[in-house]
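Fold and geometry: a report
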Amino acid sequence: MIKDFELLKRNYAKLIVRRGLNLFKGRTVRIFAELDQPQFVNMVAEECYLAGAKRVHVHWNYGPIERLACERISLKELKTLRPHKKEEIKFDIKNNVNYIFITSEDPYYLKGVDPQRIGLEQLTRRAYFFKAIGGKDRPPFSSVCVPGVKWAKTLFPKLSDEAAVEKLWQLIFKASHVNKKDPFANWDKHIDEIDRHAKWLNNLKIKTLHYTSKNGTDFVVGLLDHYHFRGASHFDFKTRRRYHPNMPSEECFTSPHRLKANGVLCSSKPFAFNGVVIKDARFVFKKGRIIEVSAKQNEKFLKQLINKSDAMHYLGELALVPYSSPINQMGILFLNILYDENACCHFAIGEGFPYAHRGYRFLSRKKLQEKGINFADNHIDFMVGTSDLNIVATTKDGKKVNIFKNGEWAK
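Since the structure is predicted, the reported quantities are computational estimates derived from the model, not experimental observations. (Residues numbered from 1 in each chain as written. Predicted model: local features only at pLDDT ≥ 70, side-chain atom pairs only at ≥ 80, totals over all residues. Heavy atoms only, no water.)

1. A few points about the packing of helix 1 (residues 5–21) against helix 9 (residues 183–204)
One can describe the packing of helix 1 onto helix 9 by two numbers: an axis separation of 10 Å at closest approach and a directional angle of 50°. In terms of their interaxial angle, helix 1 and helix 9 are classed as oblique. In the crossing of helix 1 with helix 9, the sense of the turn from one axis to the other is right-handed. Contacts from N11, K14, L15 and R19 of helix 1 reach helix 9 at P183, F184, W187 and D188. Among the residues forming the contact of helix 1 with helix 9, the class breakdown is four nonpolar, one polar and three charged. (Axes fitted to C-alpha atoms, helices over the stretch in contact; angles between N-to-C directions. Helix = DSSP H or I, 4+ residues; strand = E, 2+ residues; numbered from the N terminus. Parallel < 35°, antiparallel > 145°, perpendicular 65-115°, else oblique. Left-handed = near helix turned anticlockwise from the far one by under 90°. Contact = heavy atoms within 4.5 Å. Nonpolar A, V, L, I, M, F, W, Y, C, P; charged D, E, K, R; others polar.)

Okay, structure coming up:
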């Protein structure tokens, strides 16, 4: 049994509310969670009220019912957002409602479902949400994980249910820096270091990044003319407070220019999308576009995802994570992208980030796309970090700067 287990869970709940959201007194919070975590959700809701929340709403999800809907509902219905949902979104934006997303259930619950149907309801809601925002910042949110039995048993099939869940809790506590004497000070120190690297990258005025590793990666990617790397901290302009949308977080990230990617990227780790594991993927880019793709496992599925739309042939994200990341040192595939992407350097095809461009709040979606941001219906992360990965920046004044050497920050 984990020593001080209940205290660690309580500290984790506090960290989510007081660092993840950095909850502002008087705000409304929506918690999206799965049915297997009533006790922990209750703990998080309590911490929200202790931090001054005006109201906490909990929205429950159950994987098997979501699968039924995904399989049985017509495509037209899946793409239709009901009026009451539109009004809820408008209310949330107007009142700066904060969101907490808690994932815990079976990572394979959508395995075998037609990839063309997966996530259509969520994508429809998301599209309306960002249209309603009108290019402004979304309200604070935080995405976290807790171990459900099916997820834990998928990762540790030889352990009993109880032992598997406990093992996964241990890893989550470690990844989120909760298993220390002062988890809040430890988290703050960790976040400050990530943000320090982001500031360094922003000051370099980088034009291109050249990735090379022995697994076959030889890739040059161009950044936006007015790029902006983010660390773990985001900024809520309405309350003037920083918050941390991902827990754990190890990355400095931005969106590259959608038309400035050339060469070969090879995935260094398996990556999962809705329970389908893709191994040894290889992407060939020319003038930003994927012109060739292959994989040793689930190649057909990967091609289906990419061919869903023209926009899925372009990059939406590049992220820098040292190979010595605590999550990478754990040596397992979590089958959860929040954890897996924080293991090492990665890219994502599909949706980019408007805030990767300086001054994005004053630019339309069309203008951002013209400046190089990719907009798509999905966002699929894949890891490229290795122990021998080197990344060399060419700055706008022609200087060469080592960013990564042998998988680690060069500075």
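On we go.
2. Let's talk about the packing of helix 1 against helix 2 (residues 38–50)
Where helix 1 meets helix 2, the axes come as close as 9 Å, and the angle between the chain directions of the two elements is 50°. Comparing the axis directions of helix 1 and helix 2 gives the class oblique. Between helix 1 and helix 2 lies a crossing of right-handed hand. Packed against helix 1, whose contacting residues are E6, K9, R10, Y12, A13, K14, I16, V17 and R18, the element helix 2 presents F40, M43, V44, E46, E47, C48 and L50 at the interface. Considering only residue class, the contact of helix 1 with helix 2 consists of nine nonpolar, no polar and seven charged.

3. Details of unusual backbone geometry
At the junction of M247 and P248, the peptide bond is cis and its omega measures out at 15° in the coordinates. As for its placement among the helices and strands, P248 is situated in the loop between strand 8 (241–243) and strand 9 (252–254). Although it is not a glycine, D280 adopts a positive phi angle of roughly 50°. The class for D280 is partly exposed, based on a relative accessible area of 43%. A positive phi is found at N406, a non-glycine position, where the angle reads about 50°. Note that N406 resides in the loop between strand 19 (400–405) and strand 20 (408–409). Since its relative accessible area comes to 45%, N406 is described here as partly exposed. (Buried < 20%, exposed > 50% of the residue type's maximum accessible area, 1.4 Å probe, protein only.)

4. Quick word on the sheet that holds strand 9
Paired through backbone hydrogen bonds, the strands of a sheet run either parallel or antiparallel to each other. Reading across the sheet, the four strands line up as 9-15-16-17 and stay open at both edges, with antiparallel pairing between neighbours. Where the open sheet ends on each side, the last strands, each with one partner, are strand 9 and strand 17 (379–383). Going across the sheet, the axis of each strand differs from the next one's by a mean of 20°, ignoring polarity. Pairing between strand 15 (residues 315–320) and strand 16 (residues 346–350): four bridges, direction antiparallel. Its bridge partner lying in strand 16, A319 is registered against H346. (Pairing = 2+ DSSP bridges.)

5. Examining the environment of A163
By the secondary structure assignment, A163 is in helix 8 (residues 161–175). Sequence spacing of A163 and V149 is 14 residues, and the spatial spacing of their C-alpha atoms is 9.8 Å.

6. A closer look at a positive patch on the surface
Among the surface-exposed residues, K205, K207, K260, R358 and K396 lie close enough to one another that they form a single positively charged patch. Structurally, the position occupied by K396 is in the loop between strand 18 (390–395) and strand 19. Judged by its relative accessible area of 47%, K396 falls in the partly exposed class. (Patch = residues over 30% accessible without salt bridge, like charges linked within 9 Å, V, L, I, M, F, W, Y side chains within 5 Å. Areas by Shrake-Rupley, 256 points an atom, 1.4 Å probe, with all protein chains shown as cover. Salt bridge = Lys/Arg side-chain N within 4 Å of Asp/Glu carboxyl O. Lys, Arg positive; Asp, Glu negative; His and termini not counted. Charge placed at Lys NZ, Arg CZ, Asp CG, Glu CD.)

7. Section: the packing of aromatic side chains
According to the stated counting rule, one finds 29 aromatic pairs in the structure shown. Judged by centre distance (5.0 Å) and plane angle (55°), the ring pair of Y211 and F347 falls under tilted. One end of the pair, Y211, is in strand 5 (residues 206–212); the other, F347, is in strand 16, with 136 residues separating them in the sequence. Each member of the pair, Y211 as well as F347, carries the same accessibility label: buried. Three or more aromatic residues joined by ring pairs form one cluster here, namely Y211, F219, F271, F283, F285, F347 and F382. The ring of F5 is capped by K9, whose NZ or CZ atom sits 4.7 Å from the centre of that ring. Just above the ring of F141 sits the side chain of R138; from NZ or CZ to the centre is 3.9 Å. (Phe/Tyr/Trp six-rings, centres within 6.5 Å; stacked < 30°, edge-to-face > 60°. Lys NZ or Arg CZ within 6 Å of the ring centre and 35° of its normal.)

8. Some thoughts on helix 2
For helix 2, which comprises 13 residues, the first-to-last C-alpha distance of 18 Å matches the rise-based estimate of 18 Å (1.5 Å per residue) to within 8%. For helix 2, the set of buried residues is F40, V41, M43, V44, A45, E47 and C48. (Expected span 1.5 Å × (residues − 1).)

Remember, this is a structural readout, not a statement about activity or role.
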